[in-house]
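# Overview (structure and organization)
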Amino acid sequence: TCPVVFGGLKVALPSLAFLDRMAVAFFIVLAILTAMTLISPKKEPDELEEAPDIELKSSRGAKVAGGVVVAATVALYVIFW
């Protein structure tokens, strides 16, 4: 079994696959951060510096590499599910 510590409690999730446990952990963290934001939002938004000399368009290579990463992730999920 793989114990998961949550609020001082150890919870065993032996039948849950590793990637599924990571999804559960992601959503727990997402819920905690959402609650923290709702309880205590930032007083002022962050200011971003202006950089007019930088072009913020995606390159074709970046789009292809992103597609390859997404396809590999889906393939690994299908293979090891």
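One can find the structure itself at the top, above this paragraph.
Described below are features of the structure shown in this document.

Analysis parameters
Residues numbered from 1 in each chain as written. Predicted model: local features only at pLDDT ≥ 70, side-chain atom pairs only at ≥ 80, totals over all residues. Heavy atoms only, no water. Helix = DSSP H or I, 4+ residues; strand = E, 2+ residues; numbered from the N terminus. Buried < 20%, exposed > 50% of the residue type's maximum accessible area, 1.4 Å probe, protein only. Areas by Shrake-Rupley, 256 points an atom, 1.4 Å probe, with all protein chains shown as cover. Contact = heavy atoms within 4.5 Å. Phe/Tyr/Trp six-rings, centres within 6.5 Å; stacked < 30°, edge-to-face > 60°. Polar contact = N/O pair within 3.5 Å; in protein donor to acceptor, adjacent residues only side chain to side chain. Patch = residues over 30% accessible without salt bridge, like charges linked within 9 Å, V, L, I, M, F, W, Y side chains within 5 Å. Salt bridge = Lys/Arg side-chain N within 4 Å of Asp/Glu carboxyl O.

Further remarks concern the overall build of the protein. Secondary structure assignment for the protein yields two helices and two strands. Reading the helices (α) and strands (β) of the protein from amino to carboxyl end gives β-β-α-α. Looking at the protein residue by residue over its 81 residues, the buried ones come to 1%. When the accessible surface of the protein is summed, it comes to about 7,700 Å², and 69% of that surface belongs to carbon and sulfur atoms.

Below, the discussion takes up the environment of aspartate 20. By the element assignment, aspartate 20 lies in helix H1 (residues 18-39). Put simply, aspartate 20 and tryptophan 81 are 61 residues apart on the chain and 9.6 Å apart in space, counted from C-alpha to C-alpha. Sequence-distant contacts of aspartate 20, that is, excluding residues within four places in its chain, are made with Tyr77 and Trp81.

Another point: the packing of aromatic side chains. Taken as a whole and assessed by the stated rule, the structure comprises one aromatic pair. Relative to phenylalanine 27, the ring of phenylalanine 26 has its centre 5.1 Å away and its plane inclined at 70°; by these criteria the two rings are edge-to-face. Using a relative accessible area of 52% as the deciding quantity, one classes phenylalanine 27 as exposed.

On the secondary structure map, serine 59 appears in the loop between H1 and helix H2 (60-80). Polar contacts involving the side chain of serine 59 include one to the main-chain amide nitrogen of alanine 62, which spans 3.1 Å.

The next subject is a nonpolar patch on the surface. Taken together, the side chains of Val24, Ile28, Val29, Ile32, Leu33 and Met36 define a hydrophobic patch exposed on the protein surface, amounting to about 490 Å² of accessible area. Secondary-structure assignment places leucine 33 in helix H1. With a relative accessible area of 47%, leucine 33 lands in the partly exposed category.

In short, the description is geometric, and any link to function would need to be established separately.
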